[in-house]
Amino acid sequence: AQSVTQLDSQVPVFEEAPVELRCNYSSSVSVYLFWYVQYPNQGLQLLLKYLSGSTLVKGINGFEAEFNKSQTSFHLRKPSVHISDTAEYFCAVSVVSAGAQKLVFGQGTRLTINP
Amino acid sequence: SQTIHQWPATLVQPVGSPLSLECTVEGTSNPNLYWYRQAAGRGLQLLFYSVGIGQISSEVPQNLSASRPQDRQFILSSKKLLLSDSGFYLCAWSVLWGIYSTEAFFGQGTRLTVV
């Protein structure tokens, strides 16, 4: 079965510092990977996605992620964070089977930016 | 453009009362539809998904049911709510292009408190 592990439940970072949010997945088939962001009491917004092609994926708000097949990882990075990046971040793997697509999410990482 | 509507935004219901949460999608045809639940401090759990009208797949046994009476309408129901049904419920949709998976788009969520 496919699964996603986000290795850090909380990550505190100072403003303008770099950040990396870690994500590992397990899957025996081709995977499609996503990072979503959730602000308080809101739905999820897509940050970026990996479907195929270049393993370095750039998303919105200055975020990027690198797909590493050998390490089954898809870590999210930003070189310089802002207060507004404070939110919950979710890594997800999509598996397509029999015409259905299912997104399996990690437990989330709460990113807190301190001034 | 595609939009997803989910209502109500918040709901407080007594134990043992019925539940009906509705989600509709505009601007797309034959979407895959999903209901997720997010318990406090936890990740997203897939409850139900649907690939077409009347086709519902349940991911976990629980006190809830789902229905899809129209192509772009997805309803989450319960006959008698339990305290453990409290949480943040998110509706989402996605479209498959052949075997390729697109991202899922989320509604703004319904915060359900069972008292």
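What this report covers is the structure whose coordinates are included nearby. (Residues numbered from 1 in each chain as written. Chains lettered and ligands numbered in written order. Predicted model: local features only at pLDDT ≥ 70, side-chain atom pairs only at ≥ 80, totals over all residues. Heavy atoms only, no water.)

Examining the environment of Glu59(B)
Right, so step 1: By the secondary structure assignment, Glu59(B) is in the loop between β6 (55–58) and β7 (65–70).
Right, so step 2: Judged by its relative accessible area of 33%, Glu59(B) is partly exposed.
Right, so step 3: Distance from Glu59(B) to Tyr49(B), taken between C-alpha atoms, is 8.0 Å for residues 10 residues apart in sequence.
Right, so step 4: Residues within four places of Glu59(B) in sequence aside, it is in contact with Lys102(A), Leu46(B), Leu47(B) and Tyr49(B).
Right, so step 5: At a separation of 3.5 Å, a polar atom in the side chain of Glu59(B) contacts the side chain of Lys102(A). (Helix = DSSP H or I, 4+ residues; strand = E, 2+ residues; numbered from the N terminus. Buried < 20%, exposed > 50% of the residue type's maximum accessible area, 1.4 Å probe, protein only. Contact = heavy atoms within 4.5 Å. Polar contact = N/O pair within 3.5 Å; in protein donor to acceptor, adjacent residues only side chain to side chain.)

Remarks on the state of the cysteines
Right, so step 1: For the structure shown, the criterion picks out two disulfides over all chains.
Right, so step 2: Shown here is the disulfide that connects Cys23(A) with Cys91(A), its sulfur atoms set 2.0 Å apart. Classification of the bridge connecting Cys23(A) and Cys91(A) rests on its S-S torsion, roughly -65°, and on that basis the disulfide is left-handed. Taken together, the residues span a long stretch of sequence, with Cys23(A) in strand β4 (residues 23–26) and Cys91(A) in strand β10 (residues 87–97) at a distance of 68 residues. A single burial state applies to Cys23(A) and to Cys91(A), both of which are buried.
Right, so step 3: Here Cys23(B) is linked by a disulfide to Cys91(B), with a sulfur-sulfur distance of 2.0 Å. (Disulfide = S-S within 2.5 Å.)

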